[in-house]
Amino acid sequence: MSSFWTLWAAVGTLVFFVLMVAVIVKYWRNNHQADKDKVLDTFDGIEEKDAPPPKILFVSYFAAFVISFGYLILYPGISGWSGLLNYDQADDKLSAPTTSLDAQFSLVQDQSLISLADNTEIVSSGQMLFQTHCAACHRDNAQGAKHFPNLIDNEWMYGGSDEAIIHSIELGRNGAMPGWVDVLRPDEIAKISYYLASLNQRHTDVPEVKVELGKDLFVKTCSSCHGDGRLVNMETGVPDLSDNIWLHGGSIEEIQHTIRAGLNNVMPAFGEQLSQNEILAIGAYITHARLQNDNRLASLDAEAVERGEYLAHAGDCVACHSAEGGEPFAGGLPFVTPFGTIYSTNITPHVTEGIGSYDYEDFRAALVDGKGRHGYLYPAMPFTSYQHVTEQDLRDMWEYMQSIGAVSRRNDANQMMFPSNIRLGLLAWDIVFADRKPMEYEVPAELQNKVEDVEKWQRGKYWVAGLGHCSECHTPRNIAQALDNDRIFQGNLIDGWHAPDITAEELFIDGWDLTSLTDFLHTGHSDKGSAFAGMADVIKNSLSLMTREDIESMSYYLLAGDSNNMISDAAVRLEPKGFDEVSYAEDIYATYNQTCGACHGPDGKGRDPIAPTLLDNGIIMHSDPFNTIAVTIRGLQPTYLDKERNFMPMASFEDVLSDKKLAELITFVRLHLGAREVPVTEEDVKQVREMLEKAGYSGGLHVTPEMYDQRDGNINVN
C-alpha cells in the first residue's frame, strides 16, 4: 500500500473516532434539557416525546470508547501501526495451515500418503482444503453421498494407491455407462435387476426363474464390461456388482433406473486450481481418515459382531429398516398410521445419513428408551419390547451395527398430522402408555404344573417378548396406538391382513403342537399350512436365520401361555374330519371343486408343490375368518421362502364369486376342513371386501405384485 493511502486510512480512522466521541459528549451535556412531557411529533396516534436517554446508555458508549482506544494502541488498527504488542496475523493458528503449507512440506522427506497421514499439521491443512473443495460432494468426513463415493473405506473404483488417488484429484475421472432403455424391454431390465440383487444375497420376492433369466440377459448385454457381475476393472473404473456398495443407489428401483438411463459420472480435475502440495495434503487427510476407519473396524470384537448379527436377525431389524426392494438397513419403509405416515430410518454407520455419529449410549437410548438424537421416537419403533433385551445383547448388537457398510441414503420426511408431528408430545405418550415394568421370568402359579421345562419356557419368553417383539403385531392397540397388554396376542390388523390371535388357547384349539409351530416359524411351512404376507417376511429375514433350538423355545412358550394368556379348562381342541360323502353331495362342493379343488385337491389336502393343505390349516381353523376372506379377495403371490417349495400364485375370486357365494364357500370349507361351525355371512365378506378395495388391495382374477406396489400407501385400512 502507498504512503498516501496509509496516511489516508490512519487519518480517517482517528477522525471518525473523535467525531463519534464528540457526538456522544454533546448529547450527554444536553441530556438535562430534555422534557419528558414535551411532544415532538405524532405518528398514527402515537406520541413521540422528548424523554432523556437513560444514563446506562452513555456509560456503555464510554466503556466502548475506552476499549476501542486501548485496542488501537495495543493492536495494529491504524494502518501501518503494529501496536505495542507487535501482533502479526501470521501468528494466528487458524491461518498457519494455509499460509505455511509449503513450509510444512519442506520439513518432510517421505511424501507417501501413508507417511503424510501421520503428520498432524499436513493432515489439518488437508482437512481444510478438503472442506473447501471436496466436502460438497463427499461430505465433511469424506464418507460420501449418493453418486459420490465413500473415500474412507477400502473400496476404490480406480484403485486406492497413492498414484491412483493423486491422479483422481489432479486429473479427475469420467466414468460412463450407456443406457439400455431403447435396447431392453422393461421386463428384461427388471430381470437383470433381480439377478444383480441376488449377487449379494438380497431377498427379492421374485421366482428363481426370473433370476436365472436375468443372469442370461446380463451375460448377453453387460458381460463385456462387467463379466458375470463380479468382475472389477480399476483401469476403467468398472465396479464390483456383487458387493453391497452401490454408488448410485442399490434399491431395485434405483438399479433399474441406472440400467435404463445409463451414467456419466464426472469427477472434476483440480490440477489447475491446487498446487502439488495441496493435492498431497488432501490425499494425506483422506488416507488418515481411512486409516482411522480401519482402526475402528479392527477394534470391534469379532465374536460380539458375530453374535450381534444373530441378534439383529432375531430382532428382524432389516425388515423394518429397509424399503421394499431397497438396500438393507438404509430405511425408507412407510408405516401408515391413523395419524400419518412414518418412514423407517437409515441405521447404517453413515455419519450424516445414518447413525455413524451415535455412540453406544445413543444406540441404547433409541432401542430401550425410545429416544433418538432428534427427539422421542414413535412407537412404530418397538422400544416397548426391546427394553427387555439384556445389556450384553444390546452391546453385541451395537458392535454388529458398526461393522455393516455405510449407505448414503437420506431419510424420508415423516408425514404426520398436528400435533402428532411434535416430538416432545411423545414423551407424554411414553409416560402414559409405555409399560416399564421389568420382565418377570417366574412361571405363573397357574402354569407351574404344566410347564415341564422352565428354562426353555423362560428362554422362549425372552425371544418372544424382547427381540422377537411378537406382541407388537399380534396385540390390539388402543386409540393412541399403544399396545393393549391386557389382551396380549389377541390379534391386530396390519396392511390389510390380520396378524392372528396367537394366544395359548387359540393355538391349542386350532391344533398346533410343538413340532408344527416350530416348523412353521423356522421354515414357513408345516402340516398346518404355510406362512404368507408379513409373516413370510419375518420368517425369511429373521426366524429362518435363528437356530431351531431357539425357535422351539419360542414355540414352547407360546403354546404354554403366560399371565393374561392362559388356556381355559373349557377349551376343546378342534379335529376337522375333512369332506365326507354327505359334503361331497352338497351343491356348494361343486363351487369348491371349480375354484379351489384344482390346486388344493378335491379333498382339500393340498398338492405339493402347487398349493398347501386346507384340511387342518391354521388359518382355516382360526376363530376369526378375516384372513380366509381376505385371501380369496386379494389372492396370494408365492413367498419364495424356499425355492424347492414355492407354491403357485393364488388367484383372486373377487370378480368370480358374489359376496353371498363366497360366504357360503368359506363357511363350507371352514366347517369341514377347519371344524369351525360359526357361519361366515355375506355381510362379513362385504365388509372385508370394501375395506380392501378402498386400500387398493383387491385386483380381480389376475393379481400382480405391482398392484400392491402402486396402491395408495396413505390409506390406513387398519
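For clarity, every value in this text was computed on a predicted model and none was experimentally measured.

Undergrad: I would appreciate a short explanation of the UniProt feature "domain: Cytochrome c" (unreviewed entry) in the protein in the present structure.
TA: As annotated by UniProt and renumbered to match this structure, "domain: Cytochrome c" (unreviewed entry) occupies residues 121–200, 209–290, 303–405 and 580–673. Between the C-alpha atoms that bound residues 209–290 the distance is 41 Å, and the span itself is 52% helix and 6% strand.

Undergrad: For this particular structure, what's the right way to read a negative patch on the surface?
TA: On the surface, Glu208, Glu212, Asp216 and Glu644 cluster together into a patch of negative charge. Checked against the element boundaries, Glu212 lands in helix 10 (residues 208–226). Taking the relative accessible area as the measure of exposure, Glu212 reaches 43% and is therefore partly exposed.

Undergrad: Where do I start with the UniProt feature "transmembrane region" (unreviewed entry) in the protein in this structure?
TA: In this structure's numbering, the residues bearing the UniProt feature "transmembrane region" (unreviewed entry) are residues 6–28 and 56–78. Annotated as residues 6–28, this span is 100% helix and 0% strand, and its ends, taken at the C-alpha atoms, are 34 Å apart. Span residues 56–78 is 83% helix and 0% strand, its end C-alpha atoms 29 Å apart.

Undergrad: What's the story with the environment of Met554 in this structure? I'm lost.
TA: Summarising the element assignment, Met554 is placed in helix 24 (residues 548–560). Its relative accessible area of 4% is what places Met554 among the buried residues. Once the C-alpha coordinates of Met554 and Glu472 are considered, the two residues, 82 residues apart in sequence, prove to be 15 Å apart. Leave out the neighbours within four places in its chain, and Met554 touches Gly460, Trp463, Val464, Cys470, Leu543 and Met546.

Undergrad: Please explain a nonpolar patch on the surface as it appears in this structure.
TA: Side chains of Phe69, Ile73, Leu74, Trp81, Leu84 and Leu85 sit close together on the surface and give an oily, nonpolar patch of about 560 Å² of accessible area. Note that Phe69 resides in helix 2 (residues 55–74).

Undergrad: Before we go on, may I ask you to explain empty space enclosed by the protein in this structure?
TA: Over the atoms a probe the size of a water molecule is rolled, and this reveals where empty space is left. Using the criterion set out here, one finds 1 cavity of 30 Å³ or more in the structure. Of the voids in this model, the largest cavity is the one considered here, and its volume is about 30 Å³. What lines the largest cavity is simply Ile633, Glu654, Leu657, Ser658, Asp659, Leu662, Val685 and Arg689. For the lining of the largest cavity, the secondary-structure elements that each account for two or more residues are helix 29 (659–674) and helix 30 (682–695). Looking at the lining of the largest cavity residue by residue, the class counts come to 4 nonpolar, 1 polar and 3 charged.

Undergrad: Hey, could you run me through the pattern of salt bridges in this one?
TA: For side chains of opposite charge, pairing can occur when their charged atoms come near one another. In this structure the tally under the stated criterion is 25 salt bridges. With a closest N to O distance of 2.8 Å, Arg409 and Asp412 form a salt bridge. In this structure, the salt-bridge partner of Arg436 is Asp430, at a minimum N-O distance of 2.7 Å. Of the residues examined, Arg436 reaches a relative accessible area of 33% and is grouped as partly exposed. Judged by its relative accessible area of 15%, Asp430 is buried. Connected through shared salt-bridge partners, Arg185, Asp187, Glu188 and Lys191 make up one network.

What counts, and at which threshold
Residues numbered from 1 in each chain as written. Predicted model: local features only at pLDDT ≥ 70, side-chain atom pairs only at ≥ 80, totals over all residues. Heavy atoms only, no water. UniProt positions renumbered as here; feature names shortened; annotations may be inferred. Helix = DSSP H or I, 4+ residues; strand = E, 2+ residues; numbered from the N terminus. Patch = residues over 30% accessible without salt bridge, like charges linked within 9 Å, V, L, I, M, F, W, Y side chains within 5 Å. Areas by Shrake-Rupley, 256 points an atom, 1.4 Å probe, with all protein chains shown as cover. Salt bridge = Lys/Arg side-chain N within 4 Å of Asp/Glu carboxyl O. Lys, Arg positive; Asp, Glu negative; His and termini not counted. Charge placed at Lys NZ, Arg CZ, Asp CG, Glu CD. Buried < 20%, exposed > 50% of the residue type's maximum accessible area, 1.4 Å probe, protein only. Contact = heavy atoms within 4.5 Å. 1 Å grid on protein atoms, 1.4 Å probe; cavity = no way out; pocket = protein on both sides within 12 Å on 5 of 7 lines; lining within 4 Å. Points joined across faces, edges and corners; volume = space filled by probe spheres on them. Nonpolar A, V, L, I, M, F, W, Y, C, P; charged D, E, K, R; others polar.

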